[in-house]
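Observations on the three-dimensional arrangement
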Amino acid sequence: DAGVTQSPTHLIKTRGQQVTLRCSPKSGHDTVSWYQQALGQGPQFIFQYYEEEERQRGNFPDRFSGHQFPNYSSELNVNALLLGDSALYLCASQASTRVGYEQYFGPGTRLTVT
Amino acid sequence: ELKVEQNPLFLSMQEGKNYTIYCNYSTTSDRLYWYRQDPGKSLESLFVLLSNGAVKQEGRLMASLDTKARLSTLHITAAVHDLSATYFCAVRYPGTYKYIFGTGTRLKVLA
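Let me begin by describing the structure that accompanies this report. Remember, it's a predicted structure, so these values are computed and weren't measured experimentally.

1. Section: the overall build of chain B
Counting secondary structure elements, chain B contains 0 helices and 11 strands. The order of helices and strands in chain B, counted from the N terminus, is β-β-β-β-β-β-β-β-β-β-β. Here chain B has a C-alpha radius of gyration of 13 Å; the compact-globule value for 111 residues is 13 Å, and the two agree. Taking the principal axes of the C-alpha coordinates as reference, chain B spans close to 45 × 30 × 20 Å. For chain B, buried positions account for 46% of its 111 residues. Of all intrachain contacts in chain B linking residues separated by at least 6 positions in sequence, the fraction that spans at least 24 positions is 54%. Counting every atom, chain B has about 5500 Å² of accessible surface; 50% of that belongs to carbon and sulfur.

Next up, the structure:
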């Protein structure tokens, strides 16, 4: 059973560019959340997708947007990249029907903005 | 605003010793999670605690939850080097699908 997968593993972009990160949830999971983890910090919640809709958003600007597809996979898009967007971006999936809503994290995409 | 604080932030301990990591949160929540993160890696789920008084154990790690005190503890028994990692607690913001992570505790177990 494949766990949560993310692509790409690493990415280098220039300020002002746009980036798209991808996530495939664990089999049987229908909910996907995205987190930003700066070096030495805890993950910060960006947003959560369920039934192809953004149903919860954290304190991130509109430059951060996402999408969920009918197969539950998800994309995170960041426009007008800033140096401060450099971080590890984590995708987490969970099954809405399971008590506890335990999240399983993917390996992450390390984004470097120069 | 929900805040989640962990202490200590850094912990260096000898193999074979016991220690406890504390996680305090500022607003009532119905679920608390503990994760482990190795350097440069993703987060591994350790425990899910859903009710007051919940206690879960896995190997040398035991987690407990006191919802009245808004406190969770992660107790390490007879530490071994393989437990060296950063440990995070996370709390669901009440009434939402938003999860707030603590600051993390970086644990180093010395041989």
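We are not done yet, so read on.
2. Details of the interface of chain B and chain A
Chain B puts 18 residues into the contact, and the matching count from chain A is 22 residues. Surface buried jointly by chain B and chain A totals about 1700 Å² across both partners, of which 55% is contributed by carbon and sulfur atoms. Its largest share of buried area at the contact with chain A, chain B owes to Tyr 97, Lys 98 and Tyr 99 of chain B, together 34% of the area lost on that side. Linking chain B to chain A there are 0 salt bridges. Inspection of the region where chain B meets chain A yields 6 residue pairs in polar contact (both at pLDDT 80 or more). Of all the secondary-structure elements, those providing two or more residues to the side of chain B that touches chain A are strand E4 (32-37), strand E5 (43-49) and strand E10 (99-101) of chain B. Its residues assigned to classes, the side of chain B that touches chain A comprises 9 nonpolar, 6 polar and 3 charged.

3. Observations concerning the pairing of strand E11 (residues 105-110) of chain B
Residue and element names in this part refer to chain B. Alternating positions in E11 separate cleanly, Thr 105, Leu 107 and Val 109 being buried on one face and Arg 106, Lys 108 and Leu 110 remaining unburied on the opposite face. Relative to E11, strand E2 (residues 10-14) runs parallel, the two being bridged by 5 bridges. If you follow Phe 10 over to E11, its bridge partner there is Arg 106. Of the pairings in the sheet, the one linking strand E9 (residues 85-92) to E11 comprises 3 bridges and is antiparallel in character. The partner of Ala 85 across the bridge, within E11, is Leu 107.

4. Side note on the pattern of salt bridges
Residues and elements named next belong to chain A. Scanning all chains against the criterion turns up 4 salt bridges over all chains. Here Arg 22 ties to Glu 75 by a salt bridge, and the two come within 3.4 Å at their closest N and O atoms. Placement of Arg 22 in strand E3 (residues 19-24) and of Glu 75 in strand E8 (residues 74-78) is noted, with a sequence separation of 53 residues between them. Given the relative accessible area of 17%, Glu 75 is considered buried. Between Glu 54 and Arg 57 there is a salt bridge; the shortest N-O distance is 3.0 Å.

Conventions we followed
Residues numbered from 1 in each chain as written. Chains lettered and ligands numbered in written order. Predicted model: local features only at pLDDT ≥ 70, side-chain atom pairs only at ≥ 80, totals over all residues. Heavy atoms only, no water. Helix = DSSP H or I, 4+ residues; strand = E, 2+ residues; numbered from the N terminus. Rg over C-alpha atoms; globule rule 2.2 N^0.38 Å. Buried < 20%, exposed > 50% of the residue type's maximum accessible area, 1.4 Å probe, protein only. Contact = heavy atoms within 4.5 Å. Areas by Shrake-Rupley, 256 points an atom, 1.4 Å probe, with all protein chains shown as cover. Buried area = accessible area lost by both parts, 1.4 Å probe. Salt bridge = Lys/Arg side-chain N within 4 Å of Asp/Glu carboxyl O. Polar contact = N/O pair within 3.5 Å; in protein donor to acceptor, adjacent residues only side chain to side chain. Nonpolar A, V, L, I, M, F, W, Y, C, P; charged D, E, K, R; others polar. Pairing = 2+ DSSP bridges.

These figures capture arrangement, not role.
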